[in-house]
Amino acid sequence: MLKSLPLLDKKVLVPRGEGQAGSFSKLVERFGGIPIEIPLIAFRPLEKNERLQELLKVLDTYDWIIFTSNITVETFFSFYEETGLDFPKIAVIGKRTAEVLQERGLHAEFVPSAYVAEVFVEEFLPFVGSGTRVFLPKGNLAREYIASSLSGVGAVVDEVVIYETYMPEESRVKLAGMLADKQLDILTFTSPSTVDHLMEVVKEYRLDEQLRNCVIGCIGPVTEQKLHAYGLTVHASPEEYTVAEMIKSLIAYLEDTRV
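Conventions used here
Residues numbered from 1 in each chain as written. Predicted model: local features only at pLDDT ≥ 70, side-chain atom pairs only at ≥ 80, totals over all residues. Heavy atoms only, no water. Helix = DSSP H or I, 4+ residues; strand = E, 2+ residues; numbered from the N terminus. Rg over C-alpha atoms; globule rule 2.2 N^0.38 Å. Buried < 20%, exposed > 50% of the residue type's maximum accessible area, 1.4 Å probe, protein only. 1 Å grid on protein atoms, 1.4 Å probe; cavity = no way out; pocket = protein on both sides within 12 Å on 5 of 7 lines; lining within 4 Å. Points joined across faces, edges and corners; volume = space filled by probe spheres on them. Nonpolar A, V, L, I, M, F, W, Y, C, P; charged D, E, K, R; others polar. Arc of directions from axis to C-beta. Contact = heavy atoms within 4.5 Å.

Chemist: Explain the overall build of the chain here, please?
Modeler: For the chain, the helix and strand inventory stands at ten helices and nine strands. Its C-alpha atoms give the chain a radius of gyration of 20 Å, within 12% of the compact-globule value 18 Å for 259 residues. Across its three principal directions, the C-alpha atoms of the chain cover 55 × 35 × 30 Å. The buried share among the 259 residues of the chain stands at 48%.

Here it is, written out as structure tokens:
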């Protein structure tokens, strides 16, 4: 039974909200786990974004537009209106981001081999040079790495914040209660922001001790570094930065510890 259902009865934190947690939760259930959906991160567009509106008017003057997540795509197109202007070539980070664009009838010209900013920059640099114009919509907590790296080779990069990241209040209350009652066996993190938001709750409610018995999995080296910065042990961090691979790595860890 344990072999076929390696997450049997394990309560797994799914740090995503309704509409985003579906495939993640189904994967947990497939292996016998109990998904606990608590969105550690939510997004809201920045309204009255005058800079974005000005840049959209000259969108056809850019050589490239970079989308770093499906949230960025969805938020951008909530502001964008078809004007007949030529759309720039598209570069993305992440297979899911490319798929969301495909659903809109748009094709990503560039997708890196690994879905992290450092790899994106290394592989994308041959496509840009002095004077290359790049449009980079992003969230308020996004790193500066891509923009600074491309600017360093002479590209003209226009960044604009189009959404902000926050933690829903109802998530804070639910998370605090479940951690206090030791109702979470496995914690998963999909970005550095999800780590920060959980740790805000841990510090506020003094729940550090409750984390000790939790198995921790994450996606991506930046998220892993954030967890280490808080002094937490990371038990699973796959080389491929996807939820499916994270679950697979968590299962491998659990099976190793049962031996």
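Chemist: Sorry if this is basic, but what is going on with the layout of surface pockets here?
Modeler: Think of a ball as big as a water molecule: rolled over the atoms, this probe shows where empty space is left. Here the second largest pocket defines a volume of roughly 210 Å³. Together, Met 199, Lys 203, Asp 208, Leu 211, Arg 212, Cys 214, Ile 216, Tyr 230, Gly 231, Leu 232, Thr 233 and His 235 line the second largest pocket. The class makeup of the residues in the lining of the second largest pocket is six nonpolar, three polar and three charged.

Chemist: Please clarify how helix H2 (residues 50–57) should be interpreted in this entry.
Modeler: Residues separated by three or four positions in an α-helix point in the same direction, a consequence of the helix having 3.6 residues per turn. For H2, every residue scored as buried is listed here: Leu 52, Leu 55 and Leu 56. Along the long axis of H2, the arc covered by the buried residues comes to 105°, so they all point the same way. Across H2 from its buried face, at more than 90 degrees, point the exposed residues Glu 50 and Lys 57. Summarising the contacts, the buried residues of H2 are in contact with helix H3 (70–79), strand S6 (133–139) and strand S7 (156–166).

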